[in-house]
Amino acid sequence: MAFYTVSNVENLRICVVMVGLPARGKSFIAQKIVRYLSWLSIKAKCFNVGNYRRKAGSGHPDAEFFDFNNKAAFKIRQKAAEAAAYDMMKWYEEENGVVAILDGTNTTRERRDWILKICRERAIEPMFLESWSDDTDMILRNISDVKTSSPDYEGVDPDVATSDFLERIAKYEQVYEPLDREKDKNLTYVKLINVAQEVVINRIQTYLESRVVFYVMNLHIRPRCIWLSRHGESVYNVEKKIGGDSCLSERGFQYAKKLPELVKQSAGDADLTIWTSTLIRTQQTAQDLPYKQLQWKALDELDAGVCDGMTYEEIEEKYPGDFKARDENKYEYRYPGGESYRDVVIRLEPIIMELERQENILIVTHQAVLRCIYAYFMNVPQEESPWMSIPLHTLIKLEPKAYGTEVTKIKANIPAVSTYKEKGTSRVGESTQDGTKYQNFLLSIPESKR
Ligand code: ATP
Ligand code: F6P
């Protein structure tokens, strides 16, 4: 995967150091940052100290293991932190990493000073990201969502696991030193209080740091869904032409008529907002949906430049070099006078940010744009996302969960042409690849935390 880094300009490497008691969403936030930055082609990776601790043989530790007076256990935990930091430094050096996330509790100032020192020795900018919460209900919810099913409690009764986990938190509380305005005034940090009810920011200096801060400030954990749909079949789709601003075909209008029923089936009485592009086919598709609607220019289809309005066959004939180049690197290829998938991702960034802030949204947009949005939620690599099959007349429901996104596909059973073009041919037709790899449930968290 090609990575272009914003930080090339700044020549910067950042280590985001997570801070906070257990069950404060640190891993959740860390994974989301990695996914967001990777989607933007910024090389990012998470190093989860808990995984190293398990590898180091902590077995199925009970709360006593996390007692800071437990010398033997403390040693194991220190070794795990060192192993994670070692791999992280290796990653910066050997793989030109840009943003690493050291995902651990890092609750004591002593531990944080140690991280600070090893970062500074290597000219890596440390940025502390604390998640602080006193919302007992939310913490209990987090424990039951993810902690009782953690490998630490394999085979343990959930009630026993919950009370042990609460004890584990109490052990950490005995030594916890939250980031402090006075004592930590020289550090770069962001502190999220009760998700993002209050946010404290200190010494954020670079563009990249401010992107991360802005992103985490917009995250929320209220339950919600995002629905995605391509517009109904268009006249251009039937004529095998790309781009343009054509109307829906007769079958496309049938889909538009059926969409309210599909949405109702999936969303029930939930309130939602519709986002469309500014092109006629998405607005015709959304015209019968009884919800508030908003048009976004950023949701317009990938601009095919000089090829707009042509069929793939005509493009192959008229611009054979371009046709081949696009197949060879579809993500990077930019149509003369038009856009590449990378360009689309960049213009979609505000859409993603706004999606993170919002609740229930239904997006009616286009094939390439949908691939980019889907890739963000499902962590699909750049070399694969432009080749994903996203058929017409299908409603996709994305449901963000603690450690991933659940996907449901609802077919309207209204026939439509396929606009999918396989690599190496100019014909469009039924695709042999259906992207099943990404369709069920994304688990973006480190394996041992699943
Ligand atoms: P541990 O230290 O035990 O690894 P953790 O702090 O990494 O715990 P997670 O495993 O990330 O905690 O917890 C996931 C849960 O936290 C999810 O249920 C998620 O909804 C919730 N969550 C996400 N963001 C926040 C936040 N800012 N504050 C509190 N909870 C959050
Ligand atoms: O064919 C429908 C369409 O939305 C075109 O307007 C657009 O150029 C194309 O899909 C994008 O798909 P691909 O990147 O596979 O050519």
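Scroll up a little and you will see the structure.
In this text the structure is predicted, and so the values were computed from the model without any measurement.

Attention now moves to the pattern of salt bridges. Across all of its chains, the model carries 30 salt bridges by this definition. Among the salt bridges present, the one from Arg54 reaches Asp152, with a minimum N-O distance of 2.9 Å. Pair noted here: Arg54 is in helix 3 (residues 49–55) and Asp152 is in the loop between helix 6 (136–147) and helix 7 (158–173), with a separation of 98 residues, a long-range link. On the basis of relative accessible area, Arg54 is assigned to the buried category, the value being 16%.

Glancing now at the pairing of strand 2 (residues 44–48). It is a general feature of regular strands that their side chains alternate between the two faces of the sheet. Most of strand 2 is tucked away: four of the five residues are buried. In terms of strand pairing, strand 2 meets strand 3 (residues 99–103) through five bridges, oriented parallel. Paired with Lys45 across the bridge in strand 3 is Ala100.

We now examine empty space enclosed by the protein. Under the criterion given, the structure shown has two cavities of 30 Å³ or more. Reported here for the largest cavity is a volume of approximately 340 Å³. Taken together, 24 residues line the largest cavity, and the ones lying closest to its centre are Ile242, Gly243, Glu301, Tyr312 and Gln367. When residues of the lining of the largest cavity are traced back to their parent elements, those giving at least two are helix 9 (235–238) and helix 15 (367–378).

The local shell around ligand 2 consists of Arg230, Asn237, Ile242, Gly243, Glu301, Tyr312, Arg326, Lys330, Tyr341, Gln367, Arg371 and Thr419. In the environment of ligand 2, an oxygen atom lies 2.5 Å from a nitrogen or oxygen atom belonging to the side chain of Tyr312. One of the side-chain N or O atoms of Gln367 is found 2.9 Å from an oxygen atom in ligand 2. Alone, ligand 2 offers 400 Å² of accessible surface; in the complex the protein occludes 97% of this. A molecule is said to occupy a pocket when more than half its atoms come within 2 Å of that pocket's grid points, and by this definition ligand 2 occupies the largest cavity.

About the thresholds
- All residue numbers refer to position in the chain's written sequence, counted from 1.
- Chains carry letters and ligands carry numbers; both start at the beginning, A for chains and 1 for ligands, and go up in the order they are written.
- In view of the model being predicted, local features appear only for residues whose pLDDT reaches at least 70, and side-chain atom pairs are presented and counted only at 80 or more, with totals across whole chains, interfaces and linings using the full set of residues.
- As a rule here, side-chain values cover all heavy atoms of the structure and leave hydrogens and water aside.
- In the sections that follow, a salt bridge refers to a side-chain nitrogen of Lys or Arg positioned within 4 Å of a carboxyl oxygen of Asp or Glu.
- Counting from the N terminus, the helices are DSSP H or I runs at least four residues long and the strands are E runs at least two residues long.
- Only protein chains enter the accessibility calculation, which uses a 1.4 Å probe; a residue is then buried when its area is under 20% of its type maximum, exposed when over 50%, and partly exposed in between.
- Only strands joined by at least two bridges in the DSSP assignment are considered to pair.
- The rule is simple: put a 1 Å grid over the protein atoms alone, call a set of points where a 1.4 Å probe fits but cannot get out a cavity, call an open set with protein on both sides within 12 Å along at least five of seven lines a pocket, and count a residue as lining if it has an atom within 4 Å of a point.
- Grid points are joined across faces, edges and corners, and a volume is the space filled by probe spheres set on the points.
- Being near a molecule or strand, for a residue, means having at least one of its heavy atoms within 4 Å of it.
- By the criterion applied in these results, polar contacts are pairs of N or O atoms within 3.5 Å in which, for protein atoms, one can donate a hydrogen and the other can accept it, and in which residues neighboring in sequence qualify only through two side-chain atoms.
- What sets the accessible areas is the Shrake-Rupley method with a 1.4 Å probe; for residues, cover comes only from the shown protein chains.
- Each molecule is checked against the cavity or pocket grid, and it sits inside if more than half of its atoms lie within 2 Å of the grid points.

Taken by themselves, the reported measurements are silent on function.
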